[in-house]
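# Structure assessment
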Amino acid sequence: MRNEGQMEREILLTDEIGVDHRVKYLDEDRVIVETLTRYVSEFGAEDYVTSTTPARIRLKDLSRWPLTKGLQRQILVWHAQFPVAK
């Protein structure tokens, strides 16, 4: 449940090529980004989800990471909504 004026500590974002990412707020300058891989059985039920090693990324260094431009933009927009979150 989201409280008024408080940020979500973690969100799921999908980039423009359809890859899911879990993004966590770390502090005013950094986020943690994990790429998710979903394995689905032949019957359509999701079997399990794995993630990459979490990357702690400084917002000013987003362009240096192998993230799509769309994902970088989504992260910046989400993070900018709560510049002084605790």
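What counts, and at which threshold
Residues numbered from 1 in each chain as written. Predicted model: local features only at pLDDT ≥ 70, side-chain atom pairs only at ≥ 80, totals over all residues. Heavy atoms only, no water. Helix = DSSP H or I, 4+ residues; strand = E, 2+ residues; numbered from the N terminus. Buried < 20%, exposed > 50% of the residue type's maximum accessible area, 1.4 Å probe, protein only. Contact = heavy atoms within 4.5 Å. Areas by Shrake-Rupley, 256 points an atom, 1.4 Å probe, with all protein chains shown as cover. pLDDT = per-residue confidence, 0-100. Polar contact = N/O pair within 3.5 Å; in protein donor to acceptor, adjacent residues only side chain to side chain.

Here we come to the overall build of the protein chain. Per the secondary structure count, the protein chain includes one helix and five strands. Listing the helices and strands of the protein chain from first to last along the sequence gives β-β-β-β-β-α. Burial statistics for the protein chain: of 86 residues in total, 33% are counted as buried. Of the contacts made within the protein chain by residues no fewer than 6 positions apart, 42% connect residues no fewer than 24 positions apart. Summed over its atoms, the accessible surface of the protein chain is roughly 6100 Å², and 50% of this surface lies on carbon and sulfur atoms.

On average, residues of the protein chain carry a pLDDT of 83, and 81% of them reach 70 or more. Looking over the protein chain, one finds the lowest element-wise mean pLDDT in strand β4 (residues 46-51), namely 77, and the highest in strand β5 (residues 55-58), namely 94. Across residues 1-6, confidence stays below pLDDT 50; counting only partners more than four residues off in sequence or on other chains, it has six contacts.

Within the secondary structure, H79 sits in helix α1 (residues 69-80). The class for H79 is buried, based on a relative accessible area of 4%. Among the polar contacts made by the side chain of H79, one reaches the main-chain carbonyl oxygen of D27 at a distance of 3.1 Å.

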